[in-house]
Amino acid sequence: MEKFPTTNKKLIVWVNLMAKLCSPVRIVWINGSEEQKQLLENESVASGELIRLNQDKLPGCFLHRTAHDDVSRTEHLTFICTKKKRDAGPNNNWMSPAAAYRKAKTIFLNAMADRTMYVIPFSMGPVGSPFSKIGVELTDSRYVVLNMLIMTRCGQDVLKQLEAQPLQAGAGFTKCLHSKAKLDINKRMILHFPEDNTIWSVNSGYGGNVLLGKKCLSLRIASFVAKKEKWMAEHMLIMGIEEPNGHVEYVAAAFPSACGKTNLAMLVPPEGLKIKGYRIWTVGDDISWMRVDSDGSLWAINPETGFFGVAPGTNLKSNPNMMETIKKNTIYTNVLLKQDFTVWWEGADGEVPSEGIDWKGNPWKPNTLDAGGKVIKGAHANARFTAPIVNCPSASFRLEQHHGVPISAIIFGGRREHVAPLVYESFNWQHGIFVAATMGSELTAAQVGKLGQVRRDPMAMLPFCGYNMADYFKHWLNMGKLMVKPPKIFHVNWFRTDDSGGFLWPGFCENLRILEWILDRCNNKVTAVTTPIGYIPKPSDIDMTGITLSDGVLEKLLKVDKEEWLGELKGIRKFFADFKKDLPKELMGEYDALMERLKKYE
Ligand code: GTP
Ligand code: SPV
Ligand code: MN
């Protein structure tokens, strides 16, 4: 056994205790060195966990395939384990901590008997920033280690920071235990113990379930901590929009999984707007930690250092910056392997390959049907890549700044064929929280469930809020009171369809036109039309230089339909009812006011 490279007693005791439970053959501490990373890559290739891709075309890149039933987050197997069931809320699956530990211990027992246990000290946020939190993940998966090395700041610097931390509230580390065990879906559990600052995940090897710094720590545990410490942990991208005069305004945007955060965060200005000289700076594509700084504004950091992005649909047209980002030092998961050891997915650039090895590891040819008559996909719909932010041509120059960036606007959005207009602005902070708390979206391949079904996904946090969402709404209301000038709150929908199901809005880079209106509103440069649901743009205030939509399409995109919204209110009422008397009265007040405004609307 290697000597432990730390003097932190709590850490030493805990690692020993977990090792006793899982019985690994050895313990290896991740130090963050290039040398150790290469060793792990070589071992992974030898064991078959990774396939080394064509090093001329994709230097430093690898392919990984998960188990066939382990391809997206399993929300039904994800639990918040608090002493009181009420504290987990109707938005979470709940287990008592005692029952959860007891059950999980039987699964973790000797789970690493023939394996190495890796100890990954990691920092979410720049090491030493007042925003940052430290975690330590124990895992028996090299794939997890190599992904964590891309997604977080790992290694010796973090251990040093942990040792230097004074014994203050908020210090310490999140104890994260992961084992692939037998990848048995029937014994898969993703357990969060916010009261113990602990996460246990077992029998999965899929990203969101096992890269414990990501959704588990940075959202579920962090949201719980953030409420206590008066800050916010959100499922949001952060981007800077450099205006023609060189001034950069930052916005944060929350869309549910696979609804366009990554694409928006790194968009390239469209032809028609290029002449204005806009430039986009990517701060983050998935998670935002925000706090009120001494100036009374809301400041945000991205706690991660990498992207874990959806592959299908990513191409030079939809996301040229990402195509550049994933050319090197990238781990691809569940994509198609081409004959020349490069990769492909549905919606990639160029021609469909004539053959390859599909995400399940089977020989593949286009348009082959499965037993049920469905076309066999080369890549899984939730195939992903893990790539370092620093590879991204639009990576913000403020990524390492300890205080982050100031946020001018918060944008919420969902995937809605109908009802929600292209963009609208809330009347004020409280109304904005109502808009966010009631947002709906159609399910995607990022979660296990029925595709296309609309579900309420408040703030895009339904799967990630680590406590009772009624208390989360209260926390949002309270945060507004701490700010001198809270950001304006908007809602967008890129996914409205026409009668034949086609998207009405071209989306992707064209979304900058909507961001432009949003910033104009923040800077009081344009007036707007008042509707019952909020302010919408006058069509003439959206700069459409360079694109033409058919007559009436923009009006259709911006339409607020009274009957549709009255229907929407029914769904909202049903959703609110789940929170019983815990729901903040302000939200019911907003509901009633919207109802009144709609009744009067023609
Ligand atoms: P997570 O990583 O799961 O949190 O998702 P994300 O929100 O980052 O999603 P991502 O940007 O990867 O979006 C994935 C899907 O949204 C792909 O199918 C894209 O093609 C689609 N998409 C993104 N932006 C747009 C848009 O403006 N219009 C349309 N129609 N589709 C979009
Ligand atoms: C999401 O599903 O929202 C993701 C991917 O960002 S995962 O990390 O797997 O949760
Ligand atoms: Mn996400």
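Parameters and conventions
Sequence order as written defines residue numbering, which begins from 1 separately in each chain. As they are written, the chains are lettered A onward and the ligands numbered 1 onward, keeping that order. Whole-chain, interface and lining totals are the exception, using all residues; otherwise, since this is a predicted model, local features are given only for residues with pLDDT of at least 70 and side-chain atom pairs are given and counted only at 80 or more. As a rule here, side-chain values come from all non-hydrogen atoms in the structure, and water together with hydrogens is ignored. Nearness here has a simple test: a residue counts as near a molecule or strand if at least one of its heavy atoms is within 4 Å of that partner. For this analysis, a polar contact is any N or O atom pair within 3.5 Å, provided that within protein one partner can donate a hydrogen and the other can accept it, and provided that sequence-adjacent residues contribute only side-chain to side-chain pairs. All accessible areas in this document rest on Shrake-Rupley with a 1.4 Å probe, and a residue is counted as covered only by the protein chains that are shown. Numbering of helices and strands runs from the N terminus; a helix is a DSSP stretch of H or I covering at least four residues, while a strand is a stretch of E covering at least two. Each residue is assigned to one of three groups, with Ala, Val, Leu, Ile, Met, Phe, Trp, Tyr, Cys and Pro labelled nonpolar, Asp, Glu, Lys and Arg labelled charged, and all others, Gly among them, labelled polar. The angle between two axes is taken between their N-to-C directions and runs from 0 to 180 degrees, where each axis is a line fitted to C-alpha atoms and a helix contributes only its stretch in contact. Left-handed is the label given to a crossing in which the near helix is rotated counterclockwise from the far helix by less than a right angle, and right-handed is the label when the rotation is clockwise. Residue contacts are defined here by distance: any two heavy atoms, one from each residue, within 4.5 Å place the two residues in contact. Strand pairing follows a simple DSSP-based rule, namely that at least 2 bridges must link the two strands. Here the coordinating atoms are restricted to nitrogen, oxygen and sulfur within 2.8 Å of the metal centre, or 3.2 Å for Na, K and Ca, and because water is not among them the sites may look incomplete. Metal sites are grouped by the angles between bound donors: all angles between 85 and 135 degrees with four donors is tetrahedral, opposite donors over 155 degrees apart with the others between 65 and 115 is square planar for four donors and octahedral for six, and any other pattern is irregular.

Caption draft 1: Quick look at the site of ligand 1. Around ligand 1, 19 residues are found, and the nearest of them are Ala258, Lys261, Thr262, Arg384 and Phe508. Here an oxygen atom of ligand 1 sits 3.4 Å away from a polar atom, N or O, in the side chain of Arg415. Considering ligand 1 on its own, with 660 Å² of exposed area, one finds that the protein chains cover 90% of that surface. The element that contributes the greatest number of residues to the shell around ligand 1 is helix H9 (residues 261–265), accounting for three residues. Tallied by class, the residues present in the shell around ligand 1 amount to eight nonpolar, seven polar and four charged.

Caption draft 2: View of the packing of helix H2 (residues 34–47) against helix H5 (residues 142–151). Interhelical geometry of H2 versus H5 gives an angle of 145° and a closest axis separation of 10 Å. Two packed elements cross with a definite hand, and for H2 against H5 that hand is left-handed. Across the interface between the two elements, Lys37, Leu40, Glu41, Glu43, Ser44 and Ser47 from H2 touch Arg142, Val145, Leu146 and Leu149 from H5. Each residue belonging to the contact of H2 with H5 can be placed in one class, and the counts come to four nonpolar, two polar and four charged.

Caption draft 3: Expanded view of the sheet that holds strand E19 (residues 331–333). Spatially, the five strands line up as an open sheet ordered E2-E3-E19-E24-E18, and their pairing is mixed. In this open sheet, the two edge strands, each paired with only one partner strand, are strand E2 (51–52) and strand E18 (306–310). Pairing geometry for E19 and strand E24 (residues 384–388), over three bridges, is antiparallel. For Thr333, the partnering residue across the bridge sits in E24 and is Arg384.

Caption draft 4: Structural context of the coordination of the manganese ion (ligand 3). The coordination sphere of the manganese ion (ligand 3), as far as protein atoms go, consists of Lys215 (NZ), His235 (NE2) and Asp286 (OD), spread over 2.1 to 2.4 Å. One way to put it: the six donor atoms around the manganese ion (ligand 3) meet at angles of 68 to 175°, and that makes the site irregular. When the donors of the manganese ion (ligand 3) are listed by position in the chain, the intervening gaps give K-x19-H-x50-D. Taken as a pair, Lys215 in helix H8 (residues 213–229) and Asp286 in the loop between strand E15 (279–284) and strand E16 (288–292) lie far apart in primary sequence, 71 residues in all.

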